Amino acid sequence: MYNFEIENKQNALGQRAMMNLSILVSQRLKPKEPFQALKESWVIFLTRKDFLNKKEPFYPYDWFNRKWKNKLFTNAHIRFVNGEYRGNDALGKLMHDFHCTNPDDMFYDELNKRFPICRTIEGRQIGCFFWDDPVDV
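Below you will find a few notes about this structure. (Residues numbered from 1 in each chain as written. Predicted model: local features only at pLDDT ≥ 70, side-chain atom pairs only at ≥ 80, totals over all residues. Heavy atoms only, no water.)

Quick look at the overall build of the chain
- From N to C terminus, the chain includes 3 helices and 8 strands.
- Taken from N to C terminus, the helices and strands of the chain fall in the order β-α-β-β-β-β-β-α-α-β-β.
- Every one of the 137 residues in the chain was classed for burial, and the buried ones make up 30%.
- Across the chain, the fraction of contacts at a sequence separation of at least 24, relative to all contacts at a separation of at least 6, is 47%.
- When the accessible surface of the chain is split by element, carbon and sulfur atoms take 55% of a total near 9,700 Å². (Helix = DSSP H or I, 4+ residues; strand = E, 2+ residues; numbered from the N terminus. Buried < 20%, exposed > 50% of the residue type's maximum accessible area, 1.4 Å probe, protein only. Contact = heavy atoms within 4.5 Å. Areas by Shrake-Rupley, 256 points an atom, 1.4 Å probe, with all protein chains shown as cover.)

Written as structure tokens, this is what we have:
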């Protein structure tokens, strides 16, 4: 199960990710079903800015015990994807496309075709993509 969010604001990212994960996981288990039946769950936030300023493509967060340095295997994951990342890989190209206002500049035809709001008519922008401000919608 996946939960994707596109974030413009950086405030309370951790709390919001935990809330989304809690909702996602709580809806997965049926009454009287054993906890072992829980499947893997992912909350993925695409953040506009590199909120940790480490220039990494994404930041993984899992359950971890600091004292003994071991991971608690919960099958629940939180990832923050750096929207400013522009590496020469699939994720870098995807983040590039999410910021495009000209569909001809996109790497992925799937996005170009799927999101017709990112178009121009007579040289005038009629929409925008994820993080850019809308114009003349």
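Structural notes on the nonpolar core
- Counting 10 residues, the largest nonpolar core consists of Leu13, Ala17, Leu21, Leu24, Val43, Phe45, Tyr59, Ala76, Ile78 and Phe80.
- Elements with a contribution of two residues or more to this core: helix 1 (13-26), strand 2 (41-47) and strand 6 (76-82).
- At 4 residues, helix 1 tops the list of elements feeding residues into this core.
- Excluding its chain neighbours within four sequence positions, the residues that come into contact with valine 43 are Asn3, Ala17, Asn20, Leu21, Leu24, His77, Ile78 and Arg79.
- Grouped together as the second largest cluster of nonpolar side chains are 9 residues, Trp42, Ile44, Leu46 and Met95 included. (Core = buried A, V, L, I, M, F, W, Y, C linked by side-chain atoms within 4.5 Å.)

Points about helix 1
- Compared with an ideal rise of 1.5 Å per residue, which puts 14 residues at 20 Å, helix 1 spans 20 Å between its outermost C-alpha atoms and is within 8% of the ideal.
- Among the residues of helix 1, Leu13, Ala17, Asn20, Leu21 and Leu24 are the ones counted as buried. Projected down its long axis, helix 1 carries its buried residues within an arc of 100°, all on one side. Pointing more than 90 degrees away from the buried face of helix 1 are the exposed residues Gln15 and Ser26.
- If you follow the buried residues of helix 1, they end up packed against strand 1 (2-7), strand 2 and strand 6. (Expected span 1.5 Å × (residues − 1). Arc of directions from axis to C-beta.)

What about the sheet that holds strand 3 (residues 58-61)?
- Taken in spatial order, the 4 strands make up an open sheet running 1-2-6-3, and their pairing is mixed. Where the open sheet ends on each side, the last strands, each with one partner, are strand 1 and strand 3. Going from strand to strand, the sheet's axes swing by 15° on average, the running direction of each strand aside.
- Taken together, the 6 bridges between strand 1 and strand 2 define a ladder with parallel strand orientation. Bridging from a neighbouring strand, phenylalanine 4 pairs with isoleucine 44 of strand 2.
- This element, helix 1, spans strand 1, strand 2 and strand 6 of the sheet and lies at about 150° to strand 2.
- Against the sheet, helix 2 (residues 90-98) makes contact with strand 2, strand 3 and strand 6, and its axis sits at roughly 65° relative to strand 6, the strand it touches most. (Pairing = 2+ DSSP bridges. Axes fitted to C-alpha atoms, helices over the stretch in contact; angles between N-to-C directions.)

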